[in-house]
Amino acid sequence: MATPAPAESGAHRALWRRFRHNLRILHVLAAMDFKLKYAGSALGYVWSVVKPLALFTMLYLVFGRIFDLRTISAYYPLSLLIGIVLFTFFAEATSLGMASVVERAELIRKLSFPRLVIPTSRTVGVAITFAVNVSVIAAFIAWNEIRPNWNWLLLAPLFVELFLFTLGVTLILATLFVRLRDVGQIWELFSQLLFYATPIIYPIGFLPPWARNIAFLSPFTQVLQDVRAIVLYQDLPENRITAADVFEGYGGRLIPIGIAAVVFVVGVVVFRRAAPSFAERV
Amino acid sequence: MSGPAIEVAALCKAFRLPHQKQTTIKEHFLHPFRRVTYETQRALDDVSFSVSPGEFFGIIGPNGSGKSTLLKILAGIYQPDRGTVQVDGLLSPFIELGVGFNFELNARDNVLINGTLLGLSRRDLDERFDDIIGFAELERFVDQRLKNYSSGMLLRLAYSIAIQVEFDILLLDEVLAVGDQSFQMKCFETFDALRAASKTVVFVSHDLASVSRFCDRVVLLQHGRIAGYGPTSEVLDLYLGGIEGAPIPAEPVR
């Protein structure tokens, strides 16, 4: 038997080794997800840019042109595109992540590793697509000749918040999905409802004040409006309403951020509690 | 290093199997008052044994006796209901070959996936890639998708990755069942090398010839209970003599 001190450092090393192993699994699963998504298609990765752009064109023609929302502000197209790209990330990450545990049943039954890696890698994979789409937004921003400023650094923590919130939702859904496959259908409908309930195609100003209070309980709306307020700082004030305005003061912003944090923590706890039995259930 | 490599004490595991799988709400609504009935299947009942470091340890028994369940608990894939498992040493993370293979991807990607899952780093895999492919004799097929591989090619690829993994204790579930003669020969060579390197191996097999050739000691499971435990020849005699006529229960869940 070794003396306690080396034994302890050995345990640390084992822990570190396992941590790096899990990170590598996460990385390889996310990379393969991304690769497989477009396997066998001629355009490949281009699709991840084309799809939100096509959705954008469609919605812009209907709501921007026919319903004339573009007359509200010169920034309507960019505002719409930001909304679509952020929502595409949320919707795709949650729906793909929800099914990920069941889809990876073979791994779960044959290999012992933290199950958390599976939905997390899915979310990371979708985040890579999101990063590609952000470059499209960047092109639009350049086209509109909007000058970046230091505030734009705040986009990073906002994206982190969106990622963690999305992951939290995904973990809850993935846990439920193992037991009850209906969750897939329910969530598909719910995320469509969410798309129209969130001020993506219409400006936040269209909502009456009481409805804004409800909308800003959603961390997604808070992140979306914060991103718009930061990037489209020249837009009309009523298009730049943020959670801080609605809940009065910067403390007010903590309400949706707090909700995001709670969702994330609940997701991790619920998932980890259910994870030991996944091998028997999937 | 004095204690056992694996110490299993009073291990119990039962599966609750619903008689009809209900996984949609509609089924719950259609039969709201019908209780889901369960059948409890005792996969493992009060199983205790220990494996010494460097030992080649066999787990044998008829189908449905709990061998695979036991191996999965050792690997940390299933949680035991009661009892404890203590492992001293680096456990190989896999019990089957080719975990995570994706048939839409080529050999290069699959070596990366499978190797990473088994604990190899990117650098290890880059360095050893040619060795892996060379050992599997698949140089001509590196850029082919796995769906175009024969089962023999798949097995060779999986095996050449698996032998690159570092471990003190190796868990193997029926690796010999699928291979052909030449693959078995390769396995046997590896087993000899493992013995020479005094690695601990826990080995589930129906192939009693290889069990008797390699295993130092064996545990015999019957209906989830230990029916024999000790030196290989004694337990094999017991198995072949006493139990062969006994009814064989259905295969339990995976």
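Residues numbered from 1 in each chain as written. Chains lettered and ligands numbered in written order. Predicted model: local features only at pLDDT ≥ 70, side-chain atom pairs only at ≥ 80, totals over all residues. Heavy atoms only, no water.

A. Examining the overall build of chain A more closely. What chain A contains, in helices and strands, is twelve helices and zero strands. Listed by position from the N terminus, the elements making up chain A come as α-α-α-α-α-α-α-α-α-α-α-α. A compact globule built from 282 residues would reach a C-alpha radius of gyration of about 19 Å, and chain A, at 21 Å, matches this within 12%. For the C-alpha atoms alone, the extent of chain A along its principal axes is close to 75 × 45 × 35 Å. Within chain A, the proportion of its 282 residues that are buried is 50%. Surface accessibility of chain A: about 14000 Å² in total, with carbon and sulfur atoms responsible for 69%. Both charge centroids of chain A, one from 25 positive and one from 16 negative side chains, sit 11 Å from each other. (Helix = DSSP H or I, 4+ residues; strand = E, 2+ residues; numbered from the N terminus. Rg over C-alpha atoms; globule rule 2.2 N^0.38 Å. Buried < 20%, exposed > 50% of the residue type's maximum accessible area, 1.4 Å probe, protein only. Areas by Shrake-Rupley, 256 points an atom, 1.4 Å probe, with all protein chains shown as cover. Lys, Arg positive; Asp, Glu negative; His and termini not counted. Charge placed at Lys NZ, Arg CZ, Asp CG, Glu CD.)

B. Structural view of the pattern of salt bridges. Counted under the stated rule, the structure contains 21 salt bridges over all chains. Put simply, B:R128 and B:D124 hold a salt bridge, and the shortest N to O gap is 3.9 Å. Here B:R128 and its partner B:D124 are both found in helix α4 (residues 122–136), four residues apart, which amounts to about one turn of the helix. The class for B:R128 is partly exposed, based on a relative accessible area of 23%. Residue B:D124 is classed as partly exposed on the basis of its relative accessible area, which comes to 22%. In this structure, the salt-bridge partner of B:D216 is B:R195, at a minimum N-O distance of 3.0 Å. Note that B:D216 is positioned in the loop between α7 (208–214) and β7 (217–222) and B:R195 in helix α6 (residues 181–196), a separation of 21 residues in sequence. Assessed through its relative accessible area of 36%, B:R195 is described here as partly exposed. Linked through salt bridges whose partners overlap, the residues forming this network are A:D33, A:E103, A:R104 and A:R122. (Salt bridge = Lys/Arg side-chain N within 4 Å of Asp/Glu carboxyl O.)

C. Quick look at a nonpolar patch on the surface. A grouping of A:L43, A:V46, A:W47 and A:V50 is seen on the molecular surface, where their side chains present a nonpolar patch of about 320 Å² in accessible area. Considering the arrangement of structural elements, one finds A:W47 in helix α2 (residues 46–66). (Patch = residues over 30% accessible without salt bridge, like charges linked within 9 Å, V, L, I, M, F, W, Y side chains within 5 Å.)

D. Quick look at the pairing of strand β1 (residues 6–18) of chain B. Residue and element names in this part refer to chain B. In this sheet, strand β2 (residues 38–51) lies alongside β1 in antiparallel orientation, the contact comprising ten bridges. Bridge pairing in β2 places L17 opposite E39. Across five bridges, β1 lies against strand β4 (residues 82–87) in antiparallel orientation. Across the sheet, A9 pairs through a bridge with T84, a residue of β4. (Pairing = 2+ DSSP bridges.)

E. Molecular detail of the sheet that holds β2(B). Residues and elements named next belong to chain B. Spatially, three strands are ordered β2-β1-β4 in an open sheet, and the strand pairing comes out antiparallel. Every other strand in the sheet has two partners, leaving β2 and β4 as the edge strands with one partner each. Strand-to-strand, the axes of this sheet are offset by a mean angle of 30 degrees, without reference to chain direction. Packed on one face of the sheet, helix α2 (residues 67–74) meets β1, β2 and β4 and runs near 120 degrees to β1. (Axes fitted to C-alpha atoms, helices over the stretch in contact; angles between N-to-C directions. Contact = heavy atoms within 4.5 Å.)

F. Region of the structure containing the confidence of the model for chain B. Residues and elements named next belong to chain B. Summing up the model confidence of chain B, the mean pLDDT is 84 and the portion of residues at 70 or higher is 86%. Every residue in residues 247–254 is under pLDDT 50, and counting partners more than four places away or in other chains gives 18 contacts. For this predicted complex, the interface confidence score (ipTM) comes to 0.79, while the overall pTM stands at 0.85. (pLDDT = per-residue confidence, 0-100.)

G. Layout of helix α3 (residues 107–117) of chain B. The buried fraction of α3(B) is high, at ten of eleven residues. Residues of α3(B) that are buried: B:A107, B:D109, B:N110, B:V111, B:L112, B:I113, B:N114, B:G115, B:T116 and B:L117.

H. Summary view of unusual backbone geometry. Positive phi, close to 55 degrees, is recorded for A:E145, a residue that is not glycine. Residue placement: A:E145 occurs in the loop between α5 (117–143) and α6 (155–179). Of the residues examined, A:E145 reaches a relative accessible area of 69% and is grouped as exposed. Even without being a glycine, B:S198 presents a positive backbone phi close to 45 degrees. Structurally, the position occupied by B:S198 is in the loop between α6 and β6 (200–204).

I. Molecular detail of the pairing of strand β5 (residues 169–173) of chain B. Residues and elements named next belong to chain B. Across the five residues that make up β5, a large majority, five, are buried. Residue alternation in β5 divides its side chains into two sets, I169, L171 and D173 and L170 and L172, and both sets are buried. When β5 meets β6, the two strands line up parallel, connected through five bridges. Residue pairing across strands places L170 opposite V201, the latter belonging to β6.

J. Seen up close, the packing of aromatic side chains. Residues and elements named next belong to chain A. A full pass over the atoms with the stated rule returns 29 aromatic pairs over all chains. Measuring from ring centre to ring centre gives 5.9 Å for W16 and F19, while their planes differ by 25 degrees; the resulting arrangement is stacked. With W16 and F19 both in helix α1 (residues 4–37) and three residues apart, this pair spans about one turn of that helix. Note on W16: relative accessible area 48%, which makes it partly exposed. (Phe/Tyr/Trp six-rings, centres within 6.5 Å; stacked < 30°, edge-to-face > 60°.)

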